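Observations on chain architecture
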Amino acid sequence: MATTTPTSPPATSTPATSARWRFRRMRGLRTWSAALHHAIDRPLTSYYLLLGASALLLTIGLIMVLSASSVYSFRVYDNSYAIVEKQLLWVAIAVPCAWIASRLPLRWIRRLAYPAYVVSLTLLLLTAFLGVERNGNTNWLALGPIVIQPSEIAKLSLILWAAHVYANKDRRLGSTHQIMIPVVPGLLLATGLVVLGKDLGTGLVLFAILLGMLWVVGAPARFFAFSISVVSVLALYLATTNKERLERITTFVDPFKDFHDTGWQPAHGLYALSSGGLFGQGIGASQQKWGQLPEAHTDFIFAVLGEELGLAGTLLVIALFVTIAYAAIRVATRTAEPFVRYMCFGIVVWLLGQMIINVGMVLALLPVIGIPLPLVSYGGSALVPSVVALGLLVGFARREPEAAAALRQRRRSRSAGLSAGRVPGQGL
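Presented here is an overview of the structure given in this document.

Here is what the cut-offs are and how they apply
Residues numbered from 1 in each chain as written. Predicted model: local features only at pLDDT ≥ 70, side-chain atom pairs only at ≥ 80, totals over all residues. Heavy atoms only, no water. Patch = residues over 30% accessible without salt bridge, like charges linked within 9 Å, V, L, I, M, F, W, Y side chains within 5 Å. Areas by Shrake-Rupley, 256 points an atom, 1.4 Å probe, with all protein chains shown as cover. Salt bridge = Lys/Arg side-chain N within 4 Å of Asp/Glu carboxyl O. Helix = DSSP H or I, 4+ residues; strand = E, 2+ residues; numbered from the N terminus. Buried < 20%, exposed > 50% of the residue type's maximum accessible area, 1.4 Å probe, protein only. Lys, Arg positive; Asp, Glu negative; His and termini not counted. Charge placed at Lys NZ, Arg CZ, Asp CG, Glu CD. Contact = heavy atoms within 4.5 Å. Phe/Tyr/Trp six-rings, centres within 6.5 Å; stacked < 30°, edge-to-face > 60°. Lys NZ or Arg CZ within 6 Å of the ring centre and 35° of its normal. 1 Å grid on protein atoms, 1.4 Å probe; cavity = no way out; pocket = protein on both sides within 12 Å on 5 of 7 lines; lining within 4 Å. Points joined across faces, edges and corners; volume = space filled by probe spheres on them. Nonpolar A, V, L, I, M, F, W, Y, C, P; charged D, E, K, R; others polar. Pairing = 2+ DSSP bridges.

1. Looking at a nonpolar patch on the surface
Taken together, the side chains of Leu125, Leu126, Phe129, Leu130 and Leu196 define a hydrophobic patch exposed on the protein surface, amounting to about 520 Å² of accessible area. Sorting elements by how many residues they give to the nonpolar patch places helix H5 (residues 113-130) first, with four residues. Considering the arrangement of structural elements, one finds Leu125 in helix H5. By relative accessible area, which is 43% here, Leu125 ends up partly exposed.

2. Here's the deal with a positive patch on the surface
Judged by side-chain charge, Arg103, Arg408, Arg411 and Arg412 come together as a positively charged surface patch. In terms of residues, the positive patch owes the most to one element, helix H16 (residues 401-420), which gives three residues. With respect to the helices and strands, the residue Arg412 is situated in helix H16.

3. Looking at the environment of Gly370
Summarising the element assignment, Gly370 is placed in the loop between helix H14 (338-362) and helix H15 (380-398). As for Gly370 and Phe300, which are separated by 70 residues in sequence, their C-alpha atoms are 9.0 Å apart. Ignoring any residue separated from it by four or fewer positions in sequence, one finds Gly370 in contact with Asp299 and Met361.

4. Focus on the pattern of salt bridges
Going through the model one piece at a time under the given rule, you end up with three salt bridges. One salt bridge connects Glu152 with Lys155, and the closest N-O pair in it is separated by 3.0 Å. Of this pair, Glu152 and Lys155 both sit in helix H6 (residues 150-168), three residues apart, which is roughly one turn of that helix. On the basis of relative accessibility, which here comes to 3%, the residue Glu152 falls in the buried class. A salt bridge links Arg341 to Asp170; the shortest N-O distance between them is 3.8 Å. On the criterion of sequence distance, the pair formed by Arg341 in helix H14 and Asp170 in the loop between H6 and helix H7 (176-180) is long-range, its members being 171 residues apart. A residue is classified by how much of its surface remains accessible, and Arg341, at 23% relative accessible area, is partly exposed.

5. Side note on the packing of aromatic side chains
Ring pairs (aromatic) are described by centroid distance and by the angle formed between their planes. Taken as a whole and judged by the stated rule, the model has seven aromatic pairs. Consider the rings of Tyr114 and Trp161, whose centres lie 6.3 Å apart with planes at 85°: the pair is edge-to-face. Taken as a pair, Tyr114 in helix H5 and Trp161 in helix H6 lie far apart in primary sequence, 47 residues in all. Take Trp161: its relative accessible area is 3%, and that puts it in the buried class. Grouped by ring-pair contacts, the aromatic residues Tyr114, Tyr117 and Trp161 constitute a single cluster. The ring of Tyr342 has Arg341 lying over it, and the distance from NZ or CZ to the ring centre is 5.4 Å.

6. A short note on the layout of surface pockets
What the second largest pocket holds in volume is close to 510 Å³. Around the second largest pocket sit 20 residues that line it, and Ile153, Leu156, Val384, Pro385 and Val388 are the ones nearest its centre. Put simply, the parts of the chain that give the lining of the second largest pocket at least two residues each are helix H3 (82-103), H6 and H15. Of the residues forming the lining of the second largest pocket, the biggest block, six residues, is contributed by H15. Each residue belonging to the lining of the second largest pocket can be placed in one class, and the counts come to 17 nonpolar, three polar and no charged.

7. Thoughts on the pairing of strand E2 (residues 137-143)
Counting buried positions over the seven residues of E2 gives five, a clear majority of the element. Where E2 lies against strand E3 (residues 146-148), three bridges are found, and the strand directions are antiparallel. Across the sheet, Ala142 pairs through a bridge with Val147, a residue of E3. Hairpin connection, E2 to E3: the antiparallel pair is bridged by two residues, and Gly144 has positive phi, about 65°.

Now the structure itself:
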């Protein structure tokens, strides 16, 4: 017969009864705490957290792209499913690439570091001078019939290259010179090429990745203070020399001040979030996507998500990103491989930082700088590198000694079960 612990002491309790109730309550809390601690400490916890959170974010992203883009797709393509069909194609490309990335040996991954860096720099250089301009930014490159955004590919390539360099220098990172050269000039060069294409938002993300990598390897604190000061002044200068950026910065605090111009997008983003309530209007029921909210399926998809799924949906998405960050940091702190540690931290800074910037834009806490929500917003150039990065994290989680042993034991158990289920004289 099951017993339950009362949530409050009886109304007519004596001091002895109250003491017993408090003891039972504390014992119940300790039992739950021990069970949670046991579940978290299991060998495959990081592996399952990464798989589960990534799969959920991809699923939510596809649902929200379908909903947020349906009106726009019908108006432009006369097909409500045109954009989500493209996103499904990118997912079909990204998932096998992530699976391959999760199975590649570390030495093969590291061999790709310098080729990936060179290819990324070449694409960024071509984009800066031969790129396609969209929304005032020259950050797209046409390769025949395919138009890609090289800066999104560069995020993963730069993290891979920096992690490889720092892993080679792991025993010499007590020297400031070894920390700075060649990673800082290399990443600043890539960031400069992105800013040259007037994509200030992506440039800030790349700079955040640089600071994250430097923090992990133990760069001096004075370097961060100096760097942030210089970049703040430079970003302010670049913003003030561009009329559109300056208007966005001066109106993001109060979007309703210039409601019909620069405040239109953030104001309607706030309308969408405020009308969602606790559990939302329901999937497909957004009103702001009917022409009022620009970029509803890309940069401002979080607003549509809040309108349709409410506060519960937005908190779920944020919790999934935090789960990925927790699992990746768990892998980084348990590994003996410096390369894995640096890669994990770099990917966390990239994905979590970009999520924070995107959510801050939608909440009008930050200026609108055109940063998509990873794994959720529409766009293959952003989706494929993000999913491949998650595939790398899953592969790192699989290689943890205890996790690898647990997976081997599971395979042996399955093989033994299949063998025991065979009938003599018959095949499987």
